[in-house]
Amino acid sequence: MEQITSTVLANRPELFNTDAYAALAAQHGPIEWHEGVSARMPDPDERAALNVPENVPLLVSQRITRTQADARPLMLETLTMTANATQLTITHRPVTR
């Protein structure tokens, strides 16, 4: 992936997700998200940094924000959390056309 410079997100990294999404949509048109969740065991450094007990797996969620027009990637977000204390809740709504 190319390095992002001189963009609203590079210039204002403190933006919350909703503000970042709005800024990306304003600059690139309609956006969409593709998210995947996987599970794995932490390596020793992660276990220490995240204070994860032995034998507790991690959930790793990666979300790619892309343009709807040409599926160009705009932002990648990665969230790592312990699986023993996490519940994922997903809301689905019908698509209107």
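Residues numbered from 1 in each chain as written. Predicted model: local features only at pLDDT ≥ 70, side-chain atom pairs only at ≥ 80, totals over all residues. Heavy atoms only, no water.

Undergrad: Provide a residue-level description of the pairing of strand E2 (residues 58-67), including the pertinent values.
TA: In this sheet, E2 lies alongside strand E1 (residues 31-40) in antiparallel orientation, the contact comprising ten bridges. Its bridge partner being in E2, alanine 39 is matched across the sheet by leucine 59. Pairing of E2 with strand E3 (residues 73-82) involves nine bridges; the strand directions are antiparallel. By the bridge assignment for E3, serine 61 is matched with leucine 79. Counted between consecutive antiparallel strands, the loop separating E2 from E3 contains five residues, among which alanine 71 sits at a positive phi close to 55°. (Pairing = 2+ DSSP bridges. Helix = DSSP H or I, 4+ residues; strand = E, 2+ residues; numbered from the N terminus.)

Undergrad: Account for the sheet that holds E2, with residues named and values stated.
TA: Two pairing modes exist for strands in a sheet, parallel and antiparallel, and in both the strands are linked by backbone hydrogen bonds. With antiparallel pairing, three strands are arranged side by side in an open sheet as E1-E2-E3. For this open sheet the edge positions go to E1 and E3, each flanked by a neighbour on one side alone. Averaged over all adjacent pairs, the angle separating strand axes in this sheet is 15°, with direction ignored. Across the sheet, helix H2 (residues 17-28) touches E1, E2 and E3, and the angle it forms with E3 is around 160°. (Axes fitted to C-alpha atoms, helices over the stretch in contact; angles between N-to-C directions. Contact = heavy atoms within 4.5 Å.)

Undergrad: Account for the environment of alanine 39, with residues named and values stated.
TA: With respect to the helices and strands, the residue alanine 39 is situated in strand E1. Judged by its relative accessible area of 56%, alanine 39 is exposed. Alanine 39 has contacts with Leu58 and Leu59, leaving out every residue within four places of it along the chain. (Buried < 20%, exposed > 50% of the residue type's maximum accessible area, 1.4 Å probe, protein only.)

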